[in-house]
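Here are the chains, one letter per residue:
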Amino acid sequence: MTVSIPLVLLLGAVVFVAWRYLGLRLWQAMACLLFGFLLAATALAPDIRRLVDAALSWLTGS
């Protein structure tokens, strides 16, 4: 899976809105970031990639 720049920007915007308007604290965002990096190194990473690919294909209709 290749993550495109628009997807990264969209997720960045979601995090910014959560931080700005929903009260997300910096330490919570950092904990989520660290969790994501550690999760990417597990055996679940390929399944998560397939799930994201399937969701994006469903959303885009391809």
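Keep in mind that what you see is a predicted model, and the values were worked out from it rather than measured. Sequence positions are assigned chain by chain, starting from 1 and proceeding in written order. Given that the model is predicted, a residue must reach a pLDDT of at least 70 before its local features are reported, and side-chain atom pairs must reach 80 or more before they are shown or counted; all residues, however, enter totals for whole chains, interfaces and linings. Water and hydrogen atoms were dropped before computing side-chain values, which therefore reflect all heavy atoms in the structure.

Novice: Hey, could you run me through the pattern of salt bridges in this one?
Specialist: Opposite charge on two side chains permits them to pair, given that their charged atoms come into close proximity. By definition here, a salt bridge exists when the distance from a side-chain nitrogen of Lys or Arg to a carboxyl oxygen of Asp or Glu is within 4 Å. Applying the stated criterion to the full structure yields one salt bridge. The closest approach of N and O atoms between Asp-47 and Arg-50, which form a salt bridge, is 2.4 Å. One end of the pair, Asp-47, and the other, Arg-50, are both in helix α3 (residues 45-60), three residues apart, so they sit about a helical turn from each other. Here Asp-47 falls in the partly exposed class, since its relative accessible area comes to 42%. Comment: elements are numbered from the N terminus, with helices defined as DSSP H or I runs of at least four residues and strands as E runs of at least two. The rule is simple: take the accessible area with a 1.4 Å probe, protein chains only, and divide by the maximum for that residue type; under 20% is buried, over 50% is exposed, in between is partly exposed.

Novice: Would you mind going over the confidence of the model for the protein with me for this structure?
Specialist: Of the residues in the protein, 92% reach a pLDDT of 70 or more, and the chain-wide mean stands at 84. Each residue carries a pLDDT value, the predictor's own confidence for that position, ranging from 0 to 100. Of all helices and strands in the protein, the one with the weakest mean pLDDT is helix α1 (residues 5-21) (83), whereas α3 scores best (87).

Novice: Hey, could you run me through the packing of aromatic side chains in this one?
Specialist: Any two aromatic rings considered together are summarised by their centre-to-centre distance and by the angle between their planes. For Phe, Tyr and Trp, rings pair up if their centres lie within 6.5 Å, where Trp contributes its six-membered ring, and each pair is then called stacked (planes under 30 degrees apart), edge-to-face (over 60) or tilted (otherwise). Within the structure shown, the criterion is met by one aromatic pair. Summarising the aromatic geometry, the rings of Phe-16 and Trp-19 are spaced 5.7 Å apart at their centres and angled 50° between planes, so their arrangement reads as tilted. Residue Phe-16 and its partner Trp-19 are located together in helix α1, separated by three residues, close to a single helical turn. Phe-16 gets classed as partly exposed once you look at its relative accessible area, which sits at 44%. What makes Trp-19 partly exposed here is its relative accessible area of 48%. Charge-over-ring contacts are defined here by two conditions on Lys NZ or Arg CZ: a distance within 6 Å of the ring centre and an angle within 35 degrees of the ring normal. Directly above the aromatic system of Tyr-21 lies the positively charged group of Arg-20, at a separation of 5.9 Å from the ring centroid.

Novice: Explanation requested: the environment of Leu-44 in the structure shown.
Specialist: The topology assignment puts Leu-44 in the loop between α2 (26-40) and α3. We classify Leu-44 as partly exposed; its relative accessible area is 47%. Considered as a pair, Leu-44 and Ala-29 are 15 residues apart in the sequence and their alpha carbons are 21 Å apart.

Novice: Help me understand the environment of Ala-45 in this model?
Specialist: Residue placement: Ala-45 occurs in helix α3. For the pair Ala-45 and Gly-12, spaced 33 residues apart in sequence, the C-alpha to C-alpha distance is 21 Å. Note on definitions: a residue-residue contact is assigned when non-hydrogen atoms from the two residues lie within 4.5 Å. Residue contacts for Ala-45: discarding those within four places in its chain leaves Leu-39 and Ala-40.

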